[in-house]
Amino acid sequence: MMLQYRKHLIKWPFFLVLPLFIACTYNDGKHGPLIPKNKNSPAEMANTLFAFVGKKIAVTPIPSCEDCLDAAFEAKYQVLQKVYGDYQGDTITFTVYDHYGTPSFERYEHALLFVSKGSKGWYHEKYQYFDVYLTASGRWAGRYNPYDYSNTSNPDAIKPIPIAFPSEAVFPLSVKTWEEGEVEYLFPQPFYKVERDTAFPLYGNYVEDLFEMKKRSVLGARGLFDHMKPSTIEVIETRMAEIRELVKKKDKRFIRFWEKMARIMMAGDTGQVKAVMLDSLLVGEKPMAATDFLARCYPSLVDGKLKAHLTDTMAFTLAWAPMDKKQQPNYISQSVIKDKGKYKAWQVIIGYDEKYRKRRRCEIKFIETKKGFKLFSWGEAYSNRCCQ
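So, how was this worked out
- Residues numbered from 1 in each chain as written.
- Predicted model: local features only at pLDDT ≥ 70, side-chain atom pairs only at ≥ 80, totals over all residues.
- Heavy atoms only, no water.
- Pairing = 2+ DSSP bridges.
- Helix = DSSP H or I, 4+ residues; strand = E, 2+ residues; numbered from the N terminus.
- Phe/Tyr/Trp six-rings, centres within 6.5 Å; stacked < 30°, edge-to-face > 60°.
- Buried < 20%, exposed > 50% of the residue type's maximum accessible area, 1.4 Å probe, protein only.
- Expected span 1.5 Å × (residues − 1).
- Arc of directions from axis to C-beta.
- Lys, Arg positive; Asp, Glu negative; His and termini not counted.
- Salt bridge = Lys/Arg side-chain N within 4 Å of Asp/Glu carboxyl O.
- Contact = heavy atoms within 4.5 Å.

### Let's talk about the sheet that holds strand S10 (residues 198-201)
Thought 1: One open sheet accounts for three strands, arranged S8-S10-S9; its pairing is antiparallel. Two strands close off the open sheet at either side, each with one partner strand: strand S8 (171-172) and strand S9 (192-195).
Thought 2: Relative to S10, S8 runs antiparallel, the two being bridged by two bridges. Bridged to Pro 172 within S10 is Thr 198.

### Some points on the packing of aromatic side chains
Thought 1: Inspection of every chain in the model, using the stated rule, returns 32 aromatic pairs.
Thought 2: A centroid spacing of 6.1 Å and a plane angle of 65° characterise the contact between Tyr 77 and Phe 105, whose relative ring orientation is edge-to-face. With Tyr 77 in strand S2 (residues 71-84) and Phe 105 in the loop between strand S3 (91-98) and strand S4 (110-118), this residue pair connects regions lying 28 residues apart in the sequence. Note on accessibility: Tyr 77 and Phe 105 belong to one class, buried.
Thought 3: Here the aromatic rings of Phe 254 and Phe 257 are separated by 5.9 Å at their centres, their planes lie at 35°, and the arrangement is tilted. In this pair, Phe 254 and Phe 257 are both assigned in helix H8 (residues 249-267), three residues apart and thus about one turn of the helix distant.

### Considering helix H10 (residues 290-301)
For the α-helix, the turn length of 3.6 residues means that residues three or four positions removed from each other point alike.
Thought 1: The end-to-end C-alpha distance of H10 is 14 Å, clearly below the 16 Å that twelve residues give at a rise of 1.5 Å each.
Thought 2: Turning to H10, its buried residues are Ala 290, Phe 293, Leu 294, Cys 297, Tyr 298 and Leu 301. Buried residues along H10 cover an arc of 135° about the axis, so they all sit on one side. For H10, the exposed residues set more than 90 degrees away from the buried face come down to Ala 295, Arg 296 and Pro 299.

### Things to note about unusual backbone geometry
Thought 1: The amide bond that connects Gln 189 to the next residue, Pro 190, takes the cis arrangement and shows omega of 0°.
Thought 2: Here Tyr 127, not a glycine, exhibits a phi torsion of approximately 70°, which is positive.
Thought 3: Here Tyr 127 is to be found in strand S5 (residues 121-134).
Thought 4: Its relative accessible area of 18% is what places Tyr 127 among the buried residues.
Thought 5: In the Ramachandran plot, Arg 196 falls in the positive-phi region, its phi being about 55° despite a non-glycine side chain.
Thought 6: Assignment of secondary structure puts Arg 196 in the loop between S9 and S10.

### Considerations on the side chain of Lys 374
Thought 1: By the element assignment, Lys 374 lies in strand S18 (residues 372-381).
Thought 2: The side chain of Lys 374 is buried and forms no salt bridge, while Asp 279, the nearest opposite charge, is found at 8.2 Å.
Thought 3: The residues contacting Lys 374, other than those within four sequence positions of it, are Ala 275, Val 276, Met 277, Leu 278, Lys 365, Phe 366, Ile 367 and Thr 369.

### A short note on the pairing of strand S1 (residues 50-62)
Thought 1: Note that S1 and S4 share six bridges and pair antiparallel. Bridge pairing in S4 links Val 53 to Leu 112.
Thought 2: With eleven bridges joining them, S1 and S2 adopt antiparallel strand pairing. Within S2, the position partnered with Ala 51 by the bridge is Tyr 84.

Here it is in structure tokens:
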């Protein structure tokens, strides 16, 4: 029987054997990564990034640090496909921090995940993942998502391509209460076919392109690749500050201050907000008394959506820029702390989509004085809000 079986197998047509060979090649996580590191890139040789297609084994809540704004989880995944970076093993365990609770990738059986190694183990690159599906060709692919493909007008941008997704890639629409227009935005034609209560993905990209998309955007901005040049202002990424320890002690003071300030604003304590304000501040480049700002503008500016993004590290950036002494009120000038002879304006820049394609950008500026950081400017772009 064994000889007959082997004889029968040898006679299989090549077009039937090839897909099996491809599937084995793409699914075996014991082989090297699909995308090798660029050995001529200092950033790539220094990073510890590991990108892989994984199958969920467990995602378990763990105690978070005191005063942390994020929930913490321990995730364990089977490594199905190594995409980038070095890792030895069939499974991997890593720590996840998420401000919104259970990480979004947990709801999918398979995901393309991005982790970096710190002094105490592996850490998830915050919020970075794609839900992926094994196609008939044996390759893993992710569906079209408008948030990931927001820059398709760029001629060099990676464009979604037609892909035959398996049946488990469909999205039932009846399990969620959708806002008006939300289904059309998240599952648009021709990238999806929507029939009754189900959305069928028709376009997406394979994992090589999905990795390249993150490399050109978030992962590049986090300093893991050379092609993303540093900004003219110092950007502080709080999510990886403890892991990489790249920020200075002065910068860490502002990070700790903002974490406390965010909690105050989320709690709606205007008394404590007033305590960190100057007597007057610039609102849309116009001076306004602090008491007037709190009474007239603050309630509409610090709404529910802004509060939800105050600690979302994918929505806000902490930065500083040189500040002209002329911008400072005379009564505060003597108490402002210089850094190597420079006055610094510390900025919290919060940007997010309010309603699908409508964008909000809020810029809150502080200056460091002998009595701590003080709020002195509030600006809004892309929105017509109170006091703007």
